[in-house]
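The residues making up each chain are set out below.
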Amino acid sequence: AGFLLGILLSTGVFALCVRHISGDRQSGGAEIVLKLGHSLDQQHPVHLSLEHMGELLRKKSKGSVELQIFPNGQLGSETECIEQLQRGALDMTKTSTAPLESFLPEFALFSVPYLFRNEDHAWQVFTGEIGKELLRKGGEAGLRGLCYLDAGARSFYTTTKPILAPKDLKGLKIRVQSSQTAMEMVESLGGSPTPMAFGELYTGLQQGMVDGAENNPPSFYSNRHFEVCKHLSLDEHARVPDILLISESTWSSLPAQVQTWLQESADEASEFQRKLWQEKTAKVLLDVQSEGVTVHRPEKSLFATQVKPMVAKLQGTAVGKLIERVQGLP
Ligand code: GCU
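Definitions and limits used
Residues numbered from 1 in each chain as written. Predicted model: local features only at pLDDT ≥ 70, side-chain atom pairs only at ≥ 80, totals over all residues. Heavy atoms only, no water. Helix = DSSP H or I, 4+ residues; strand = E, 2+ residues; numbered from the N terminus. Rg over C-alpha atoms; globule rule 2.2 N^0.38 Å. Buried < 20%, exposed > 50% of the residue type's maximum accessible area, 1.4 Å probe, protein only. Contact = heavy atoms within 4.5 Å. Areas by Shrake-Rupley, 256 points an atom, 1.4 Å probe, with all protein chains shown as cover. Domains from an automatic or database assignment. Buried area = accessible area lost by both parts, 1.4 Å probe. Salt bridge = Lys/Arg side-chain N within 4 Å of Asp/Glu carboxyl O. Polar contact = N/O pair within 3.5 Å; in protein donor to acceptor, adjacent residues only side chain to side chain. Nonpolar A, V, L, I, M, F, W, Y, C, P; charged D, E, K, R; others polar. Near = heavy atom within 4 Å. Axes fitted to C-alpha atoms, helices over the stretch in contact; angles between N-to-C directions. Left-handed = near helix turned anticlockwise from the far one by under 90°. Core = buried A, V, L, I, M, F, W, Y, C linked by side-chain atoms within 4.5 Å.

Re the overall build of the chain
Part 1: What the chain contains, in helices and strands, is 13 helices and 11 strands.
Part 2: The globule rule puts the C-alpha radius of gyration for 330 residues at 20 Å, and the 21 Å found for the chain is close to it.
Part 3: Summarising its shape, the C-alpha atoms of the chain cover approximately 75 × 45 × 30 Å along the three principal directions.
Part 4: When each of the 330 residues of the chain is scored for burial, the buried share is 54%.
Part 5: Put simply, 75% of the contacts in the chain that link residues at least 6 apart link residues at least 24 apart.
Part 6: With the model as given, the accessible surface of the chain reaches about 14500 Å², and the carbon-plus-sulfur share is 52%.

Below you can see the structure in the form of C-alpha coordinates.
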(Lines give C-alpha, C1' and ligand atoms only; values in the text may rest on other atoms or scores of the structure.)
Protein backbone atom coordinates (compact mmCIF):
# COMPACT_ATOMS: atom_id res chain seq x y z
CA ALA A 1 0.00 0.00 0.00
CA GLY A 2 2.89 2.31 0.86
CA PHE A 3 4.36 1.64 -2.55
CA LEU A 4 1.04 2.40 -4.27
CA LEU A 5 0.60 5.55 -2.26
CA GLY A 6 4.12 6.54 -3.30
CA ILE A 7 3.27 6.12 -6.96
CA LEU A 8 0.00 8.00 -6.59
CA LEU A 9 1.70 10.81 -4.74
CA SER A 10 4.56 11.13 -7.16
CA THR A 11 2.33 11.06 -10.25
CA GLY A 12 -0.01 13.50 -8.56
CA VAL A 13 2.85 15.85 -7.86
CA PHE A 14 4.11 15.35 -11.37
CA ALA A 15 0.73 16.22 -12.91
CA LEU A 16 0.51 19.29 -10.73
CA CYS A 17 3.90 20.51 -11.76
CA VAL A 18 3.20 20.00 -15.44
CA ARG A 19 0.04 22.07 -15.15
CA HIS A 20 1.79 24.71 -13.12
CA ILE A 21 4.71 25.03 -15.44
CA SER A 22 3.16 24.79 -18.86
CA GLY A 23 0.29 27.11 -18.03
CA ASP A 24 -1.77 27.89 -21.10
CA ARG A 25 1.06 28.00 -23.61
CA GLN A 26 1.46 25.64 -26.53
CA SER A 27 3.89 22.99 -25.42
CA GLY A 28 4.58 21.41 -28.82
CA GLY A 29 4.27 17.93 -27.34
CA ALA A 30 6.60 18.46 -24.36
CA GLU A 31 5.33 17.29 -20.98
CA ILE A 32 7.16 19.97 -19.07
CA VAL A 33 7.58 23.48 -20.40
CA LEU A 34 9.87 25.82 -18.51
CA LYS A 35 9.41 29.52 -19.21
CA LEU A 36 12.54 31.63 -19.08
CA GLY A 37 12.56 35.44 -19.31
CA HIS A 38 15.61 37.67 -19.87
CA SER A 39 16.45 41.18 -21.02
CA LEU A 40 18.91 40.64 -23.88
CA ASP A 41 18.51 40.52 -27.63
CA GLN A 42 18.30 37.29 -29.68
CA GLN A 43 21.71 37.94 -31.31
CA HIS A 44 23.42 38.22 -27.94
CA PRO A 45 25.86 35.39 -27.03
CA VAL A 46 23.96 34.85 -23.76
CA HIS A 47 20.70 34.29 -25.63
CA LEU A 48 22.47 31.92 -28.06
CA SER A 49 23.81 29.90 -25.15
CA LEU A 50 20.35 29.68 -23.59
CA GLU A 51 19.05 28.34 -26.89
CA HIS A 52 21.88 25.83 -26.81
CA MET A 53 20.79 24.84 -23.31
CA GLY A 54 17.22 24.34 -24.55
CA GLU A 55 18.53 22.06 -27.28
CA LEU A 56 20.57 20.01 -24.77
CA LEU A 57 17.54 19.69 -22.53
CA ARG A 58 15.36 18.57 -25.41
CA LYS A 59 17.89 15.89 -26.40
CA LYS A 60 18.48 14.60 -22.88
CA SER A 61 14.75 14.40 -22.20
CA LYS A 62 13.88 13.05 -25.67
CA GLY A 63 11.57 15.99 -26.20
CA SER A 64 9.69 15.76 -22.91
CA VAL A 65 11.18 18.96 -21.43
CA GLU A 66 11.09 22.23 -23.30
CA LEU A 67 12.76 25.54 -22.48
CA GLN A 68 10.63 28.40 -23.74
CA ILE A 69 12.73 31.57 -23.92
CA PHE A 70 11.29 35.09 -23.86
CA PRO A 71 14.07 37.60 -24.73
CA ASN A 72 14.15 41.41 -24.84
CA GLY A 73 12.51 41.98 -21.47
CA GLN A 74 9.16 40.73 -22.84
CA LEU A 75 8.27 39.38 -19.40
CA GLY A 76 9.56 42.42 -17.50
CA SER A 77 12.81 43.92 -16.25
CA GLU A 78 15.41 41.77 -14.50
CA THR A 79 14.10 42.82 -11.08
CA GLU A 80 10.53 42.03 -12.14
CA CYS A 81 11.55 38.61 -13.44
CA ILE A 82 13.32 37.82 -10.14
CA GLU A 83 10.16 38.79 -8.25
CA GLN A 84 8.05 36.57 -10.52
CA LEU A 85 10.35 33.65 -9.74
CA GLN A 86 9.86 34.24 -6.03
CA ARG A 87 6.08 34.18 -6.45
CA GLY A 88 6.26 31.10 -8.66
CA ALA A 89 4.75 33.06 -11.57
CA LEU A 90 7.77 32.44 -13.82
CA ASP A 91 10.02 29.37 -13.88
CA MET A 92 13.41 30.74 -14.85
CA THR A 93 15.34 33.88 -15.55
CA LYS A 94 18.79 34.90 -16.67
CA THR A 95 19.82 38.09 -14.97
CA SER A 96 22.92 40.06 -14.19
CA THR A 97 23.91 39.43 -10.55
CA ALA A 98 23.73 43.22 -10.01
CA PRO A 99 19.97 43.51 -9.32
CA LEU A 100 20.13 40.35 -7.18
CA GLU A 101 21.92 42.37 -4.52
CA SER A 102 18.56 43.84 -3.38
CA PHE A 103 17.32 40.30 -2.71
CA LEU A 104 20.53 38.68 -1.47
CA PRO A 105 22.99 41.30 -0.18
CA GLU A 106 26.10 39.10 -0.57
CA PHE A 107 25.72 39.29 -4.34
CA ALA A 108 26.99 42.88 -4.08
CA LEU A 109 30.40 41.20 -4.11
CA PHE A 110 30.39 40.83 -7.89
CA SER A 111 29.60 44.52 -8.46
CA VAL A 112 32.60 45.68 -6.44
CA PRO A 113 34.80 47.66 -8.86
CA TYR A 114 38.22 46.27 -9.76
CA LEU A 115 37.66 43.23 -7.54
CA PHE A 116 39.16 40.71 -9.95
CA ARG A 117 42.70 40.82 -11.31
CA ASN A 118 41.58 39.42 -14.66
CA GLU A 119 39.12 37.08 -16.32
CA ASP A 120 40.75 33.89 -15.01
CA HIS A 121 40.65 35.21 -11.46
CA ALA A 122 36.94 35.98 -11.91
CA TRP A 123 36.15 32.49 -13.21
CA GLN A 124 38.18 30.91 -10.44
CA VAL A 125 35.73 32.65 -8.07
CA PHE A 126 32.53 31.91 -10.02
CA THR A 127 33.24 28.19 -10.36
CA GLY A 128 35.03 27.83 -7.02
CA GLU A 129 33.83 27.73 -3.41
CA ILE A 130 32.70 31.37 -3.20
CA GLY A 131 30.66 31.16 -6.42
CA LYS A 132 29.03 27.91 -5.24
CA GLU A 133 28.24 29.31 -1.80
CA LEU A 134 26.49 32.26 -3.42
CA LEU A 135 24.53 30.03 -5.79
CA ARG A 136 23.28 28.13 -2.71
CA LYS A 137 22.39 31.42 -0.96
CA GLY A 138 19.64 31.82 -3.54
CA GLY A 139 17.54 29.31 -1.60
CA GLU A 140 16.99 31.91 1.14
CA ALA A 141 15.08 34.03 -1.35
CA GLY A 142 13.20 31.23 -3.16
CA LEU A 143 15.71 31.33 -6.02
CA ARG A 144 17.90 28.44 -7.02
CA GLY A 145 21.10 29.39 -8.82
CA LEU A 146 22.01 26.97 -11.61
CA CYS A 147 25.18 28.50 -13.08
CA TYR A 148 27.02 31.69 -13.97
CA LEU A 149 27.43 32.99 -17.48
CA ASP A 150 30.21 35.21 -18.72
CA ALA A 151 29.33 38.89 -18.93
CA GLY A 152 32.90 40.09 -19.44
CA ALA A 153 34.01 43.46 -18.12
CA ARG A 154 31.87 46.59 -18.00
CA SER A 155 33.08 49.91 -19.36
CA PHE A 156 31.68 53.41 -19.83
CA TYR A 157 30.20 54.76 -23.05
CA THR A 158 28.65 58.15 -23.67
CA THR A 159 26.77 60.19 -26.22
CA THR A 160 29.01 63.19 -25.60
CA LYS A 161 32.70 62.63 -24.95
CA PRO A 162 35.40 60.08 -24.18
CA ILE A 163 35.87 59.07 -20.55
CA LEU A 164 39.63 58.96 -20.15
CA ALA A 165 39.79 59.69 -16.42
CA PRO A 166 37.21 59.89 -13.60
CA LYS A 167 37.10 63.68 -13.92
CA ASP A 168 35.46 63.24 -17.34
CA LEU A 169 32.39 61.76 -15.63
CA LYS A 170 31.73 64.95 -13.71
CA GLY A 171 28.26 66.28 -14.42
CA LEU A 172 27.31 63.27 -16.54
CA LYS A 173 24.20 61.23 -15.85
CA ILE A 174 25.21 57.61 -16.13
CA ARG A 175 22.63 54.85 -16.29
CA VAL A 176 23.31 52.06 -13.80
CA GLN A 177 21.63 48.74 -13.06
CA SER A 178 19.33 48.45 -10.10
CA SER A 179 22.24 48.01 -7.66
CA GLN A 180 23.36 50.08 -4.69
CA THR A 181 26.98 49.14 -5.35
CA ALA A 182 26.79 50.33 -8.97
CA MET A 183 25.30 53.63 -7.75
CA GLU A 184 28.10 54.10 -5.23
CA MET A 185 30.73 53.27 -7.81
CA VAL A 186 29.55 55.92 -10.27
CA GLU A 187 29.25 58.45 -7.44
CA SER A 188 32.79 57.67 -6.26
CA LEU A 189 34.02 58.27 -9.78
CA GLY A 190 32.27 61.65 -9.90
CA GLY A 191 29.28 60.90 -12.16
CA SER A 192 25.53 61.03 -11.38
CA PRO A 193 24.12 57.49 -11.29
CA THR A 194 20.65 57.00 -12.75
CA PRO A 195 19.06 53.56 -12.35
CA MET A 196 17.01 52.46 -15.33
CA ALA A 197 15.87 49.12 -16.76
CA PHE A 198 18.05 47.87 -19.58
CA GLY A 199 15.13 47.80 -22.01
CA GLU A 200 14.54 51.53 -21.56
CA LEU A 201 18.13 52.54 -22.02
CA TYR A 202 18.26 53.00 -25.79
CA THR A 203 15.48 55.59 -25.63
CA GLY A 204 17.00 57.08 -22.47
CA LEU A 205 20.27 57.70 -24.29
CA GLN A 206 18.60 58.91 -27.47
CA GLN A 207 16.38 61.39 -25.65
CA GLY A 208 19.17 62.63 -23.40
CA MET A 209 17.66 61.37 -20.12
CA VAL A 210 21.13 59.99 -19.49
CA ASP A 211 24.48 60.97 -21.04
CA GLY A 212 25.97 57.53 -20.91
CA ALA A 213 25.94 54.05 -19.49
CA GLU A 214 28.28 51.18 -18.79
CA ASN A 215 28.18 47.65 -20.05
CA ASN A 216 30.11 44.86 -21.74
CA PRO A 217 30.85 45.17 -25.48
CA PRO A 218 28.34 42.47 -26.65
CA SER A 219 25.47 44.25 -24.86
CA PHE A 220 26.63 47.68 -26.13
CA TYR A 221 26.49 46.15 -29.60
CA SER A 222 23.41 43.93 -29.58
CA ASN A 223 21.17 46.60 -28.09
CA ARG A 224 22.47 49.08 -30.66
CA HIS A 225 23.60 51.60 -28.06
CA PHE A 226 26.54 52.27 -30.43
CA GLU A 227 24.10 54.13 -32.69
CA VAL A 228 23.79 56.89 -30.11
CA CYS A 229 27.04 56.54 -28.14
CA LYS A 230 30.13 57.15 -30.23
CA HIS A 231 32.69 56.88 -27.41
CA LEU A 232 33.43 53.59 -25.69
CA SER A 233 36.15 53.76 -23.00
CA LEU A 234 37.50 50.37 -21.97
CA ASP A 235 38.16 51.16 -18.31
CA GLU A 236 36.77 47.68 -17.42
CA HIS A 237 35.65 48.73 -13.94
CA ALA A 238 33.69 45.61 -13.00
CA ARG A 239 33.22 41.99 -14.00
CA VAL A 240 29.59 41.42 -13.02
CA PRO A 241 28.55 37.94 -14.21
CA ASP A 242 25.17 36.78 -15.38
CA ILE A 243 23.39 34.07 -13.46
CA LEU A 244 20.75 31.53 -14.38
CA LEU A 245 18.02 31.18 -11.76
CA ILE A 246 15.06 28.85 -11.35
CA SER A 247 12.17 29.43 -8.99
CA GLU A 248 12.47 27.15 -5.94
CA SER A 249 8.81 26.27 -6.29
CA THR A 250 9.31 25.11 -9.88
CA TRP A 251 12.51 23.26 -8.97
CA SER A 252 10.96 21.35 -6.10
CA SER A 253 8.04 20.29 -8.29
CA LEU A 254 10.33 18.71 -10.90
CA PRO A 255 11.09 14.98 -10.93
CA ALA A 256 14.69 14.26 -9.84
CA GLN A 257 15.65 13.12 -13.32
CA VAL A 258 14.51 16.43 -14.82
CA GLN A 259 16.47 18.33 -12.17
CA THR A 260 19.58 16.41 -13.18
CA TRP A 261 19.07 17.11 -16.90
CA LEU A 262 18.50 20.75 -16.14
CA GLN A 263 21.64 21.16 -14.05
CA GLU A 264 23.76 19.27 -16.60
CA SER A 265 22.40 21.37 -19.47
CA ALA A 266 23.05 24.58 -17.53
CA ASP A 267 26.66 23.56 -16.80
CA GLU A 268 27.28 22.60 -20.42
CA ALA A 269 25.68 25.81 -21.69
CA SER A 270 27.88 27.84 -19.34
CA GLU A 271 31.04 26.28 -20.81
CA PHE A 272 29.76 26.75 -24.35
CA GLN A 273 28.94 30.38 -23.61
CA ARG A 274 32.40 31.21 -22.22
CA LYS A 275 33.97 30.29 -25.55
CA LEU A 276 31.33 32.09 -27.56
CA TRP A 277 31.78 35.16 -25.37
CA GLN A 278 35.44 35.62 -26.21
CA GLU A 279 34.85 35.32 -29.96
CA LYS A 280 31.90 37.71 -29.87
CA THR A 281 33.62 40.33 -27.73
CA ALA A 282 36.56 40.56 -30.12
CA LYS A 283 34.21 40.74 -33.09
CA VAL A 284 31.85 43.41 -31.76
CA LEU A 285 34.75 45.69 -30.83
CA LEU A 286 35.65 45.74 -34.53
CA ASP A 287 32.02 46.02 -35.60
CA VAL A 288 31.30 49.09 -33.46
CA GLN A 289 34.40 50.81 -34.82
CA SER A 290 33.19 50.28 -38.35
CA GLU A 291 29.93 51.90 -37.18
CA GLY A 292 31.86 55.05 -36.25
CA VAL A 293 32.53 54.39 -32.55
CA THR A 294 35.92 55.43 -31.15
CA VAL A 295 37.24 52.84 -28.70
CA HIS A 296 39.42 54.46 -26.03
CA ARG A 297 41.77 52.61 -23.68
CA PRO A 298 42.11 54.79 -20.59
CA GLU A 299 44.59 54.20 -17.78
CA LYS A 300 42.61 51.87 -15.51
CA SER A 301 44.60 52.70 -12.37
CA LEU A 302 43.10 56.22 -12.37
CA PHE A 303 39.66 54.69 -11.87
CA ALA A 304 40.80 51.92 -9.53
CA THR A 305 42.46 54.41 -7.17
CA GLN A 306 39.36 56.57 -7.02
CA VAL A 307 37.09 53.72 -5.86
CA LYS A 308 39.45 52.49 -3.12
CA PRO A 309 37.71 54.40 -0.26
CA MET A 310 34.34 52.99 -1.31
CA VAL A 311 35.72 49.44 -1.25
CA ALA A 312 37.55 50.09 2.05
CA LYS A 313 34.23 51.04 3.69
CA LEU A 314 33.04 47.47 3.16
CA GLN A 315 35.68 46.10 5.53
CA GLY A 316 34.18 43.96 8.28
CA THR A 317 30.82 43.50 6.48
CA ALA A 318 29.73 40.18 4.97
CA VAL A 319 30.71 41.49 1.54
CA GLY A 320 34.01 42.80 2.92
CA LYS A 321 34.84 39.30 4.19
CA LEU A 322 34.10 37.83 0.77
CA ILE A 323 36.33 40.49 -0.84
CA GLU A 324 39.21 39.37 1.39
CA ARG A 325 38.69 35.76 0.36
CA VAL A 326 38.63 36.73 -3.32
CA GLN A 327 41.80 38.78 -2.97
CA GLY A 328 43.48 35.98 -1.04
CA LEU A 329 43.17 33.53 -3.94
CA PRO A 330 46.45 32.86 -5.72
C1 GCU B 1 24.58 42.97 -18.94
C2 GCU B 1 23.84 41.75 -18.52
C3 GCU B 1 22.36 41.94 -18.65
C4 GCU B 1 21.89 43.22 -18.01
C5 GCU B 1 22.67 44.38 -18.52
C6 GCU B 1 22.28 45.70 -17.83
O7 GCU B 1 24.54 43.12 -20.31
O8 GCU B 1 24.26 40.64 -19.28
O9 GCU B 1 21.75 40.85 -18.05
O10 GCU B 1 20.55 43.45 -18.26
O11 GCU B 1 24.04 44.14 -18.33
O12 GCU B 1 23.14 46.56 -17.75
O13 GCU B 1 21.14 45.84 -17.39
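Still more to cover.
Concerning the domain arrangement of the chain
Part 1: In terms of domains, the chain is made up of domain 1 (2–150 + 241–274) and domain 2 (154–240 + 282–319).
Part 2: Of note, the centres of domain 1 and domain 2, computed from C-alpha atoms alone, are 27 Å apart.
Part 3: Each partner contributes residues to the interface: domain 1 has 30 residues there, and domain 2 has 28 residues.
Part 4: The largest per-residue losses of area from domain 1 upon contact with domain 2 belong to Val112, Pro113 and Tyr114, which jointly make up 32% of the total buried on that side.
Part 5: Connecting domain 1 to domain 2 are 0 salt bridges.
Part 6: One can count 7 residue pairs in polar contact (both at pLDDT 80 or more) joining domain 1 with domain 2.
Part 7: Secondary structure elements with two or more residues in the side of domain 1 that touches domain 2: helix H3 (78–87) and helix H4 (119–127).
Part 8: With 3 residues, the single largest contributor to the side of domain 1 that touches domain 2 is H4.
Part 9: A breakdown of the residues in the side of domain 1 that touches domain 2 according to their chemical character gives 15 nonpolar, 9 polar and 6 charged.

Concerning the pattern of salt bridges
Part 1: A full pass over the atoms with the stated rule returns 13 salt bridges.
Part 2: A salt bridge links Glu78 to Lys94; the nearest nitrogen and oxygen atoms lie 3.8 Å apart. Of this pair, Glu78 sits in helix H3 while Lys94 is found in strand E3 (residues 92–96), placing the two residues 16 residues apart along the sequence.
Part 3: For Glu78, a relative accessible area of 13% gives the class buried.

Some words on the site of the ligand
Part 1: Close to the ligand lie 13 residues; Glu78, Lys94, Arg175, Ser219 and Asp242 are nearest.
Part 2: A distance of 3.1 Å is found between an oxygen atom of the ligand and a side-chain nitrogen or oxygen belonging to Ser39.
Part 3: Note that an oxygen atom of the ligand is positioned 3.4 Å from one of the side-chain N or O atoms of Gln177.
Part 4: When the ligand sits alone it has 310 Å² of accessible area, and the protein chains cover 98% of it.
Part 5: When the residues that make up the shell around the ligand are grouped by side-chain class, the tally is 2 nonpolar, 6 polar and 5 charged.

Details of the packing of helix H2 (residues 45–60) against helix H10 (residues 256–290)
Part 1: The contact between H2 and H10 brings their axes to 8 Å, and the two run at 145°. Between H2 and H10 lies a crossing whose hand is right-handed. Of the residues in H10, those touching H2 at Pro45, Val46, Leu48, Ser49, His52, Met53, Leu56, Leu57 and Lys60 are Trp261, Leu262, Glu264, Ser265, Ala266, Glu268, Ala269, Phe272, Gln273, Leu276, Trp277 and Lys280.
Part 2: Its residues assigned to classes, the contact of H2 with H10 shows 13 nonpolar, 4 polar and 4 charged.

Some remarks on the environment of Thr260
Part 1: If you trace the backbone, Thr260 turns up in helix H10.
Part 2: Distance from Thr260 to Gln278, taken between C-alpha atoms, is 28 Å for residues 18 residues apart in sequence.

Looking at the nonpolar core
In a soluble, globular protein the nonpolar side chains are often hidden away together inside.
Part 1: Leu34, Met92, Leu244 and Leu262 are the most contacted members of the largest nonpolar core, which totals 41 residues.
Part 2: Secondary structure elements with two or more residues in this core: strand E1 (32–38), H2, strand E2 (65–70), strand E4 (143–149), helix H7 (201–206), strand E9 (231–238), strand E10 (242–247) and H10.
Part 3: Here this core gathers at least three residues from each of two domains, domain 1 (2–150 + 241–274) and domain 2 (154–240 + 282–319).
Part 4: Apart from the residues lying within four places of it in its own chain, the contact partners of Met92 are Leu34, Lys35, Leu36, Gly37, Met53, Leu67, Leu85, Leu146, Leu244, Leu245 and Ile246.
Part 5: Among the nonpolar cores identified, the runner-up in size contains 31 residues, and Leu90, Leu104, Leu135 and Leu322 belong to it.

Thoughts on unusual backbone geometry
Where the residue is not glycine, phi is negative for most of them; where a peptide bond is considered, it is trans in most cases.
Part 1: A positive phi angle, close to 50°, is found at Lys62, a residue other than glycine.
Part 2: The residue Lys62 is located in the loop between H2 and E2 in this model.

Overview of the side chain of His47
Part 1: As for its placement among the helices and strands, His47 is situated in helix H2.
Part 2: Residue class for His47 comes out buried when judged on its relative accessible area of 3%.
Part 3: Apart from residues no more than four positions distant in its own chain, His47 is found in contact with His38, Asp41, Gln42, Ile69 and Pro71.

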